[in-house]
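What follows is the residue order along each chain.
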Amino acid sequence: MSITLEAKGVNVKLNGKLILKDITVNFTGPSLFFILGANGSGKSTLLRTLAGLIPFEGEILINGRNISDYSRKELARTVGYVWQNPLYGFFEESVEREIKFILKNLDLPLENFHDIVHFFKIQHLLHRSPFTLSGGEAKRVSISSVIVADQPIILFDEPEAEMDLHGISNIVEYIRRNVDQKLIIVATHNPLLAYKLGEIIDRIFLIKDGRIIRAISPEDIKNSELLRSIGVVPVEWWFT
């Protein structure tokens, strides 16, 4: 079943400053897309806008339907947004309550809870306060507390940040397992994750100064000059 997320002429102004400028982009899934850009380029703002978390001018359509026509609960069942900073999304007193919150709030069964907890290996954290976790632990809990609702659209904001080898491996495995069923969009400043997942990426959108400047193929992720032009550390830099 096709899944679509489309922005048409979207502008976002925050604190009097224009952050996103005439964004027009179309994502069709099930598939995997990346939004690649330097820090401050607008990629996080774009993800939050696509998730319905930020006021905007223009039009956003989910499966051909205007995002403003979705109720808050319906939108949360459709789009899962994983924060770059996990602490922004925490408010429960324990990890267990944090992960179960979205299921209870959306009247969803608890069936996925144990699967997600075991997949991200956070069983030992369930009775901890999410505010006492290390950066990597908090990131795994944050991801779990969103994707446990099994939304058809998942938006990851810098998912590799704070993660060690095991955490990043979990993210890669989750994406590989779900790319045939979901529309997954990853925003990052680091091209290594796109390099790792290149064989299953549909397109990579480059963002600079609040504008989508180009769509490239996964093979172009090795183009050092192109990545340098948008302020992103090229892949080859990491191996020389």
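Summary of the structure given here.

Rules of the game
- Residues numbered from 1 in each chain as written.
- Predicted model: local features only at pLDDT ≥ 70, side-chain atom pairs only at ≥ 80, totals over all residues.
- Heavy atoms only, no water.
- Salt bridge = Lys/Arg side-chain N within 4 Å of Asp/Glu carboxyl O.
- Helix = DSSP H or I, 4+ residues; strand = E, 2+ residues; numbered from the N terminus.
- Core = buried A, V, L, I, M, F, W, Y, C linked by side-chain atoms within 4.5 Å.
- Buried < 20%, exposed > 50% of the residue type's maximum accessible area, 1.4 Å probe, protein only.
- Contact = heavy atoms within 4.5 Å.
- Arc of directions from axis to C-beta.
- Phe/Tyr/Trp six-rings, centres within 6.5 Å; stacked < 30°, edge-to-face > 60°.
- Lys NZ or Arg CZ within 6 Å of the ring centre and 35° of its normal.
- Axes fitted to C-alpha atoms, helices over the stretch in contact; angles between N-to-C directions.
- Parallel < 35°, antiparallel > 145°, perpendicular 65-115°, else oblique.
- Nonpolar A, V, L, I, M, F, W, Y, C, P; charged D, E, K, R; others polar.

Examining the pattern of salt bridges
With the rule as written, the count across this model stands at ten salt bridges. The partner of D107 in a salt bridge is K73, and the shortest N-O contact between them spans 3.1 Å. Residue D107 is found in the loop between helix 3 (95–105) and helix 4 (111–119), and its partner K73 is found in helix 2 (residues 72–78); the two are separated by 34 residues along the sequence. The shortest N-O distance in the salt bridge between D150 and K182 comes to 2.6 Å. In this pair, D150 is assigned in the loop between helix 5 (135–147) and strand 7 (153–157) and K182 in the loop between helix 6 (165–178) and strand 8 (183–188), connecting sequence segments 32 residues apart. A cluster of three or more residues bridged by salt bridges with shared partners is formed by E92, E93 and R97.

Structural notes on the nonpolar core
Soluble globular proteins tend to pack their nonpolar side chains together in the buried interior. Within the largest apolar cluster, 49 residues are counted, with the highest numbers of intra-cluster contacts made by L32, F34, F156, I175 and I204. With five residues, the top contributor of residues to this core is helix 5. What L32 contacts, discounting residues up to four positions off in sequence, is I175, V179, I184, V186, L197, I200, I201, D202 and R203. Residues V12, I23, L75 and I185 belong to the second largest nonpolar core, which totals 30 residues.

Notes on helix 4
Among all positions in helix 4, only F113, I116, V117 and F119 are buried. Each buried residue of helix 4 sits inside an arc of 160 degrees when the element is viewed along its axis, so together they form one side. Opposite the buried face of helix 4, at more than 90 degrees from it, the exposed residues are E111, H114 and D115. Phi turns positive, to about 55 degrees, at K121, one or two residues after helix 4.

Observations concerning the packing of aromatic side chains
One pass over the full model with this rule turns up eleven aromatic pairs. A centroid spacing of 5.3 Å and a plane angle of 80 degrees characterise the contact between F27 and F33, whose relative ring orientation is edge-to-face. As far as burial versus exposure is concerned, F27 and F33 are alike and both buried. Look at F119 and F120: their rings are 5.0 Å apart centre to centre, the planes differ by 80 degrees, and that puts the pair in the edge-to-face class. The exposure classification of F119 matches that of F120, with both residues buried. Of the aromatic side chains, those joined through ring pairs into one cluster are F119, F120, F156 and Y174. Cation over ring: R65 sits above Y70, and NZ or CZ is 4.1 Å from the ring centre. Positioned above the aromatic ring of F113, the side-chain terminus of K100 is 4.8 Å from the ring centre.

Section: the environment of Y174
As for its placement among the helices and strands, Y174 is situated in helix 6. Sequence-wise, Y174 and F120 are 54 residues apart; in three dimensions their C-alpha atoms are separated by 9.4 Å. Ignoring sequence-local partners within four residues, the contact set of Y174 consists of F119, I147, I154, F156 and K182.

Notes on the packing of helix 3 against helix 5
Between helix 3 and helix 5, the shortest axis-to-axis distance is 7 Å and the interhelical angle comes to 30 degrees. The orientation of helix 3 with respect to helix 5, classified from their angle, is roughly parallel. Contact with helix 3, carried on its side by V95, E98, I99 and I102, involves V141, S144, S145 and V146 of helix 5 and no other residues of that element. In the contact of helix 3 with helix 5, the residues fall into five nonpolar, two polar and one charged.

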